[in-house]
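For reference, the chains in residue letters:
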Amino acid sequence: DMDPKNKQIAGGVGAVLAVVATLIGVSYNPPSVEQYTEDMNECALQIKGNLPTTACSPEVAEQAQEIARDSEAVAEATRDADNPNGRDIVYWIQPPAGAEKHDSPRVFHLCEDVSPLREKNVVSGSVTEAYAANAGRITKQITMEQNQCGFETAE
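These remarks concern the structure in this document.

Reading the values: the criteria
Residues numbered from 1 in each chain as written. Predicted model: local features only at pLDDT ≥ 70, side-chain atom pairs only at ≥ 80, totals over all residues. Heavy atoms only, no water. Helix = DSSP H or I, 4+ residues; strand = E, 2+ residues; numbered from the N terminus. Buried < 20%, exposed > 50% of the residue type's maximum accessible area, 1.4 Å probe, protein only. Areas by Shrake-Rupley, 256 points an atom, 1.4 Å probe, with all protein chains shown as cover. Arc of directions from axis to C-beta. Contact = heavy atoms within 4.5 Å. Patch = residues over 30% accessible without salt bridge, like charges linked within 9 Å, V, L, I, M, F, W, Y side chains within 5 Å. Salt bridge = Lys/Arg side-chain N within 4 Å of Asp/Glu carboxyl O. Core = buried A, V, L, I, M, F, W, Y, C linked by side-chain atoms within 4.5 Å. Lys, Arg positive; Asp, Glu negative; His and termini not counted. Charge placed at Lys NZ, Arg CZ, Asp CG, Glu CD. Phe/Tyr/Trp six-rings, centres within 6.5 Å; stacked < 30°, edge-to-face > 60°.

Scanning the chain from terminus to terminus reveals five helices and four strands. Ordering the α and β elements of the chain from the N terminus gives α-α-α-β-β-β-α-β-α. Counting all 155 residues of the chain, 28% fall into the buried class. When the accessible area of the chain is evaluated, it comes to approximately 10,200 Å², of which 51% is carbon and sulfur surface.

Take a look at the structure:
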């Protein structure tokens, strides 16, 4: 048990420490989506080349591995005569007005004509750009989307 004066002092010290911790932890110059995409692309290139991931932290390297895996899945699903190596363009629901990314995780799709995107505002970009917008996973309905987009499906 503390007397009221000591409680006030302890409370004041605690409040000051909370403010200092907040100020130290806040990023006053957060990276832009463009910078995130550039860094993630460099990290992904290192991963694809089986090189040490010097361009990114272990957490970023893990996400870059997920991006590389999803990029390969998109390329595999979108191969055709015109694009024998597949495509690196995906589609997702546009974030709310003024936002660069969604608050909650979303998925991305193989083309803009798939049923989940009908009557929605859609944006497109690379798999890395989709991740930056918090569309951090390829749809689980790849075969359905291949049919709806006109891509050949594996038999």
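So that's the structure; there's more coming.
Let's shift gears to helix H5 (residues 142-149). All of the buried residues in H5 are Glu145, Gln146 and Cys149. Down the axis of H5, the buried set is contained in an arc of 105°. They therefore lie on one face. Buried residues along H5 sit in contact with helix H3 (58-77). Backbone geometry just after H5 places Gly150 at a positive phi near 85°.

Let's shift gears to a nonpolar patch on the surface. Among the surface-exposed residues, Ile9, Val13 and Leu17 lie close enough to one another that they form a single nonpolar patch of about 280 Å² accessible area. Within the fold, Val13 resides in helix H1 (residues 4-25).

Let's shift gears to unusual backbone geometry. Residues other than glycine seldom take positive phi values, yet Glu119 does so here, at roughly 60°. Tracing the chain through its elements places Glu119 in the loop between strand S2 (106-108) and strand S3 (122-125). Here Asn134, not a glycine, exhibits a phi torsion of approximately 70°, which is positive. Relative to the helices and strands, Asn134 is located in the loop between helix H4 (127-132) and strand S4 (135-138).

What follows deals with the nonpolar core. Judged by nonpolar contacts, the single largest core of 25 residues is most densely connected at Val74, Val90, Trp92, Phe108, Leu110 and Val127. Taken together, the elements giving at least two residues each to this core come down to helix H2 (33-48), H3, strand S1 (90-93), H4 and S4. A total of five residues in this core trace back to one element, the largest contributor, which is H3.

Attention now goes to a negative patch on the surface. A surface patch of negative charge is lined by Glu34, Asp88, Glu100 and Glu129. Tracing the backbone through its elements, the reader meets Asp88 in the loop between H3 and S1.

So, on to the packing of aromatic side chains. The way to describe two aromatic rings as a pair is by their centre distance and the angle between their planes. For the structure on display, the rule yields one aromatic pair. Ring centres 6.2 Å apart and planes at 50° place the aromatic pair Phe108 and Tyr131 in the tilted group. Taken together, the residues span a long stretch of sequence, with Phe108 in strand S2 and Tyr131 in helix H4 at a distance of 23 residues. As far as burial versus exposure is concerned, Phe108 and Tyr131 are alike and both buried.

Here we come to the environment of Gly86. For Gly86, the location among the structural elements is in the loop between H3 and S1. For Gly86 and Ala75, which are eleven residues apart along the polypeptide, the C-alpha to C-alpha distance reads 4.0 Å. If sequence neighbours within four positions are ignored, Gly86 has contacts with Ala75, Thr78 and Arg79.

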